[in-house]
Amino acid sequence: MAPSELFSVLVEVRLRDGIADPQGATIERALPALGLTGVSGVRAGKSFRFDIAAPDRDEALALATVVADRLLANPVIEESSVAVAPASLAGSPGPPEAAA
Amino acid sequence: MAPRVGVVLFPGTNCEYDAVQAVQRLGGAADLVWHGDTSVAGYDALILPGGFAHGDYLRPGAIARFSPIMDAVGRFAADGGPVVGICNGFQVLTEAGLLPGALQKNRGLRFLCATVAVRVETSDSVLTAGVPVGAELRIPINHFEGNYTCDERTLAVLRAEDRVVLRYVDNPNGSVDSIAGVCNEARNVVGLMPHPERASDPMLGSVDGSVLLHALLRSAEPQATATVA
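Parameters and conventions
- Residues numbered from 1 in each chain as written.
- Chains lettered and ligands numbered in written order.
- Predicted model: local features only at pLDDT ≥ 70, side-chain atom pairs only at ≥ 80, totals over all residues.
- Contact = placed C-beta atoms within 7 Å.
- Nonpolar A, V, L, I, M, F, W, Y, C, P; charged D, E, K, R; others polar.
- Buried ≥ 20, exposed ≤ 12 C-beta atoms within 10 Å, placed from the backbone.
- Helix = DSSP H or I, 4+ residues; strand = E, 2+ residues; numbered from the N terminus.
- Pairing = 2+ DSSP bridges.
- Axes fitted to C-alpha atoms, helices over the stretch in contact; angles between N-to-C directions.

**Concerning the interface of chain B and chain A**
Step number 1: Facing 13 residues of chain B, the contacting portion of chain A comprises 8 residues.
Step number 2: Class assignment for the residues of the side of chain B that touches chain A results in 3 nonpolar, 6 polar and 4 charged.

**Quick word on helix α1 (residues 16-25) of chain B**
Residue and element names in this part refer to chain B.
Step number 1: Those residues of α1 lying buried are Glu16, Asp18, Ala19, Val20, Ala22 and Val23.
Step number 2: Looking at the buried side of α1, the elements it contacts are β1 (4-9), β2 (29-34), β3 (45-48) and α5 (208-220).
Step number 3: At the exit of α1 stands glycine 27, carrying a positive phi of roughly 95°.

**Observations regarding the sheet that holds strand β2 (residues 45-54) of chain A**
All names here are of chain A.
Step number 1: Spatially, 3 strands are ordered β2-β1-β3 in an open sheet, and the strand pairing comes out antiparallel. Two strands lie at the open edges of the sheet, namely β2 and β3 (78-86), each paired on one side alone. When the angles between neighbouring strand axes are averaged without regard to direction, this sheet yields 20°.
Step number 2: By the bridge criterion, 9 bridges tie strand β1 (residues 5-15) to β3 in an arrangement that is antiparallel. The partner of phenylalanine 7 across the bridge, within β3, is proline 86.
Step number 3: The strands touched by helix α2 (residues 57-72) are β1, β2 and β3; relative to β3, the strand with the most contacts, the crossing angle is about 155°.

None of this, on its own, says anything about what the molecule does.
Now the structure itself:
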């Protein structure tokens, strides 16, 4: 078996386009009360961080995508994006890539 | 022999005794079934009651779907056994893929606790057999995530196949097409957000929920001799 490396994963889960987001809408309506105008299209979501040990980045990404699709997101109303980076690099895996 | 109903208890379920008592008041037998069990043998019908299974962590029903009992619930449903999910139980059944759609946060982000009117839309389900279409029932709702959602294709199928079981008379939570309850293709699995067990005694202000639970017990009778799962 190939030696495995540790990867940091960031999964972002958000409601699909067209699915009403009462939480995002409520946040958006609250902004003018702070005097903050010009903000639109607020959508609330969730993010998850975890580590995966895998031989390479592709395998880590494949497993992370399964985790996102089968548990973290409900495909009926949500979609997810997955970002994977070697854990040895300091900091976060960065912004999620295109939808998984 | 009275039909025997298994009431599935997850950690965080909180309506299990209401369901047991409502069934018993109608002459049925009822037991609690722990979520860690792997068999529902001996039951003629199953109820997944309301509450917050596994704390509603991640999403309501998202973790409950992996409870050991759910394989047995799935087999029982596949064999035609009547299964009813009430409130959180409805959420569990959608997450488990036994019913279509999903329940998301109420429009307006309010937790709703009120007695509402729902209309029976089909008599062809284990929860509404013998109940006339158009009957209006007053039953409490008690939820934050009861806003029924599905894609347009699923909605078209539900309508075409007469699988919308209950609709709100006055949509309280933003549910698509005012849907309060749906059934599966075989019509033996029903999920609904209203709590019929909380409208099962005059002391509770309404007995309209008994109409549905009575239909469930009637639906359960033909299975009484079969041993399932």
